[in-house]
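# Residue-level structural notes
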Amino acid sequence: MIPAIIGWVLPLVLLLSCSWVAASAWTSRGPAAARSRRRLLAALLETASVAVFMRLVVEWSPVTIWLWVLSVAALAAGAAGTVIRWDSLPRTASVADSASGADPAAARAESTRGRRGGQSREPGTITLGSYALVLAAAVAVSAAIG
């Protein structure tokens, strides 16, 4: 019973995740809109890594494999949206907040609350690089296993 539940729930969660990332890449307003370029790139890398790991972990049936295929298609649509909309995406979340009409002083106070020296909530280069390494390692393991 549990393997059957896992075999259906995990692919459905993956499909929802990939669809949310694709929606955030293509929408400019609303709750799904990407807050910044780096956040969207981090979300793409994270979701792609999870998709590759799920390919290795889940026992796929002829029906659930289609959930994985739809997930990868949504992830590809998200990657395409990121590339196409890169110039129109906000550089940072604070730029997105100021463009949306939020009070800049409140946005600055919110963005620096609980951090030293006004550190940003944006994923840094090291974070994005480590996400990319995890994805590369997952793809290498997936290719080695077959």
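A brief report on the enclosed structure follows. Counting of residues starts from 1 at the beginning of each chain's written sequence and follows it residue by residue. In view of the model being predicted, local features appear only for residues whose pLDDT reaches at least 70, and side-chain atom pairs are presented and counted only at 80 or more, with totals across whole chains, interfaces and linings using the full set of residues. As a convention, hydrogens and water are excluded, and side-chain values are obtained from all of the structure's heavy atoms.

A fitted line through C-alpha atoms represents every axis, and for helices the fit uses only the stretch in contact; the resulting angles, taken between N-to-C directions, go from 0 to 180 degrees. What counts as a helix is a DSSP run of H or I of at least four residues, what counts as a strand is a run of E of at least two, and both are numbered from the N terminus. Contact geometry for helix α1 (residues 2-26) and helix α2 (residues 37-57): axes closest at 10 Å, N-to-C directions at 155 degrees. Overall, the two elements α1 and α2 adopt an arrangement that is roughly antiparallel. Seen from above, α1 lies across α2 with left-handed handedness. Contacts between α1 and α2 involve Leu-10, Pro-11, Leu-14, Ser-17, Cys-18, Val-21, Ser-24 and Ala-25 on the former and, on the latter, Leu-40, Ala-43, Leu-44, Thr-47, Val-50, Ala-51 and Met-54. Grouping the amino acids of the contact of α1 with α2 by side-chain chemistry returns 12 nonpolar, three polar and no charged. Note on terminology: angles under 35 degrees are roughly parallel, angles over 145 are roughly antiparallel, angles of 65 to 115 are roughly perpendicular, and the others are oblique. A clockwise turn of the near helix away from the far one marks a right-handed crossing, whereas an anticlockwise turn of less than a right angle marks a left-handed crossing. Any two residues whose heavy atoms approach within 4.5 Å at even a single point are treated as in contact. For this scheme, ten residues count as nonpolar: Ala, Val, Leu, Ile, Met, Phe, Trp, Tyr, Cys and Pro. Four count as charged, namely Asp, Glu, Lys and Arg, and the remainder, Gly too, count as polar.

Turning our eyes to something else, we now look at the pattern of salt bridges. Within this document, salt bridges are pairs made up of a side-chain nitrogen of Lys or Arg and a carboxyl oxygen of Asp or Glu, the two lying within 4 Å of each other. The tally for this structure, following the rule as stated, stands at one salt bridge. Note that Glu-122 and Arg-39 form a salt bridge whose closest N and O atoms lie 3.6 Å from each other. Pair noted here: Glu-122 is in the loop between α5 (104-112) and α6 (125-145) and Arg-39 is in helix α2, with a separation of 83 residues, a long-range link. By relative accessible area, Arg-39 is classed as partly exposed at 25%. Under the scheme applied here, a residue whose accessible area is under 20% of the maximum for its type counts as buried, over 50% as exposed, and between as partly exposed, the area being computed with a 1.4 Å probe on protein chains only.

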